[in-house]
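Fold and contact review
Residue-level listing of the chains:
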Amino acid sequence: QAELVESGGGLVQPGGSLRLSCAASGFTFSAYTMTWYRQAPGKGRELVATIFTTGGRTIYAGSVKGRFTISRDNAKNMVYLQMNSLKPEDTAVYYCYAYNLRWGQGTQVTVSS
């Protein structure tokens, strides 16, 4: 059964960094486009970044471009989100998504002083 498990969330001060990880299992990870979404309190789910199967192409939301980097390791069945220069408006639950297959349970990121 396909499963995605996120980790790496937490509380960080504005300007700080966090690295989120998503461990995949139960499916052919290398064949799937992977996306990080986020959902802030009272708001809808928002696409943050997408990485295609070989990792050669990525897409970012305008609000995170230049600050966040998505990457993947197909040998380890992992996808990552490096988040730098964090802002309070980045506070949200971050979800890993395998296209048309499975959502993770989410990990909380809180940016606050």
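Shown above is the structure to which this text applies.
Each residue is numbered by its place in its chain's sequence as written, counting from 1. Local features in a predicted model are, by the rule used here, given only for residues with pLDDT of at least 70; side-chain atom pairs are given and counted only at 80 or more, and totals for whole chains, interfaces and linings are based on all residues. Only hydrogens and water are removed before side-chain values are computed, so all heavy atoms of the structure are retained for them.

Considerations on the nonpolar core
- Put simply, a nonpolar core is a bunch of buried Ala, Val, Leu, Ile, Met, Phe, Trp, Tyr and Cys residues held in one set by side-chain atoms that sit within 4.5 Å of each other. Each residue is assigned to one of three classes by its accessible area relative to the maximum for its type, calculated with a 1.4 Å probe on protein chains only: buried under 20%, partly exposed between the two thresholds, exposed over 50%. The biggest cluster of nonpolar side chains holds 29 residues, and the ones touching the most others in it are W36, V79, L81, M83 and Y94.
- Sorting the residues of this core by element identifies β3 (18-25), β4 (34-39), β5 (45-51), β7 (68-73), β8 (78-83), β9 (92-98) and β11 (107-111) as the ones contributing at least two each.
- When checking whether two residues touch, look at their non-hydrogen atoms; a contact exists if any pair is within 4.5 Å. Ignoring any residue separated from it by four or fewer positions in sequence, one finds M83 in contact with G16, S17, L18, L20, R67, F68, Y94 and V109. Here a helix means four or more residues in a row that DSSP labels H or I, a strand means two or more in a row labelled E, and each is numbered from the N terminus.

With respect to the state of the cysteines
- Two cysteine sulfur atoms make up a disulfide if the distance between them is within 2.5 Å. For the structure on display, the rule yields one disulfide.
- Between the sulfur atoms of C22 and its disulfide partner C96 the distance amounts to 2.1 Å. Since a negative S-S torsion denotes a left-handed disulfide, the C22-C96 link at about -85 degrees is left-handed. With C22 in strand β3 and C96 in strand β9, this pair connects stretches of sequence that are 74 residues apart. Just as C22 is buried, C96 falls in that class too.

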